[in-house]
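Given next are the chains, with one letter for each unit.
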Amino acid sequence: QVPNITYTGPYKWPDDLHDVYSDIDIIWSQELSERGGNAQWLIPNRLYEASYFGVPSIAVTGTQTARICEERKLGFVLKDATEASLIEFFASTGRERIERVSRDLAGRPEAEFVTSREDGHALLRAIEEPSGATQASAQTS
């Protein structure tokens, strides 16, 4: 057991996400399991889930997660994934700034974080229906 971690059991996705994120002020969204590999370009679902529920993210510069976090103003980007950077971040970032980002996220349209059923169907149609160039190439083969 770890004194600052409480295990409350499994949760049902997506039904329980509101409860999960309602007790969080800020989230570490950066994937670090494969430094220099997959983690550099991976964009974890928690970045969008947390943002949808108004929870700012922390990411690490030089990654796609950080790029999305900065471009879309989803939270904060650290220079590296070290304890010292986290300590510096929390020492220099007041609660008010984190709460301001949280309010901004909570006020955004749902469509910014959730794909509509129509968008999903359009994506499936695009995958199922080859483009004109692909069809022409297949016919001449």
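All figures in this text were calculated on a predicted structure; none of them were measured in a lab.

Peer 1: Go over the overall build of the protein with me, naming the residues and quoting the values.
Peer 2: On a plain count of helices and strands, the protein comes out with 8 helices and 3 strands. Across the protein, helices and strands are ordered from the amino to the carboxyl terminus as α-β-α-α-β-α-β-α-α-α-α. Expected size for 141 residues packed as a compact globule is a radius of gyration near 14 Å; at 19 Å, the protein overshoots this value by more than 25%. In terms of overall dimensions, the protein has a C-alpha envelope of 65 × 35 × 35 Å along the principal axes. Expressed as a percentage of the 141 residues in the protein, the buried residues total 25%. The contacts of the protein with a sequence gap of at least 6 include a subset with a gap of at least 24, amounting to 51%. Within the structure as shown, the protein displays about 10000 Å² of accessible surface, and the carbon and sulfur contribution to it stands at 52%. Where the 14 positive side-chain charges of the protein centre and where its 22 negative ones centre are 4 Å apart.

Peer 1: Which residues make up the packing of aromatic side chains, and what values go with them?
Peer 2: What the rule picks out here adds up to 4 aromatic pairs. Look at Tyr 52 and Phe 53: their rings are 4.8 Å apart centre to centre, the planes differ by 90°, and that puts the pair in the edge-to-face class. Judged by its relative accessible area of 33%, Tyr 52 is partly exposed. For Phe 53, a relative accessible area of 26% translates into the label partly exposed. With centroids separated by 5.1 Å and ring planes inclined at 55°, the aromatic side chains of Phe 76 and Phe 89 adopt a geometry described as tilted. Separated by 13 residues along the polypeptide, Phe 76 in strand S3 (residues 75–78) and Phe 89 in helix H5 (residues 83–92) bring together distant segments of the chain. On the basis of relative accessible area, Phe 76 is assigned to the buried category, the value being 6%.

Peer 1: Account for the environment of Ile 68, naming residues and giving values.
Peer 2: Within the element layout of this structure, Ile 68 appears in helix H4 (residues 64–71). Residue class for Ile 68 comes out buried when judged on its relative accessible area of 4%. Each C-alpha atom of the pair Ile 68 and Tyr 48 lies 10.0 Å from the other, and the pair is 20 residues apart in sequence. Each residue touching Ile 68, except ones within four places of it in the same chain, is listed here: Ile 43, Leu 47, Tyr 48, Lys 73 and Leu 74.

Peer 1: Let's hear about the sheet that holds S3: which residues, and what values?
Peer 2: Sheets are built from strands that pair by backbone hydrogen bonding, the pairs being arranged parallel or antiparallel. Spatial ordering of the open sheet is given by S1-S2-S3, a layout of 3 strands whose pairing is parallel. The outermost strands of the open sheet, each flanked by one partner alone, are strand S1 (27–28) and S3. Both strand S2 (residues 57–60) and S3 contribute to a ladder of 4 bridges, which runs parallel. Residue pairing in the sheet places Ser 57 in a bridge with Gly 75 of S3. Relative to S3, H5 is tilted by about 140°, and along the sheet it contacts S1, S2 and S3.

About the criteria used
- Residues numbered from 1 in each chain as written.
- Predicted model: local features only at pLDDT ≥ 70, side-chain atom pairs only at ≥ 80, totals over all residues.
- Heavy atoms only, no water.
- Helix = DSSP H or I, 4+ residues; strand = E, 2+ residues; numbered from the N terminus.
- Rg over C-alpha atoms; globule rule 2.2 N^0.38 Å.
- Buried < 20%, exposed > 50% of the residue type's maximum accessible area, 1.4 Å probe, protein only.
- Contact = heavy atoms within 4.5 Å.
- Areas by Shrake-Rupley, 256 points an atom, 1.4 Å probe, with all protein chains shown as cover.
- Lys, Arg positive; Asp, Glu negative; His and termini not counted.
- Charge placed at Lys NZ, Arg CZ, Asp CG, Glu CD.
- Phe/Tyr/Trp six-rings, centres within 6.5 Å; stacked < 30°, edge-to-face > 60°.
- Pairing = 2+ DSSP bridges.
- Axes fitted to C-alpha atoms, helices over the stretch in contact; angles between N-to-C directions.

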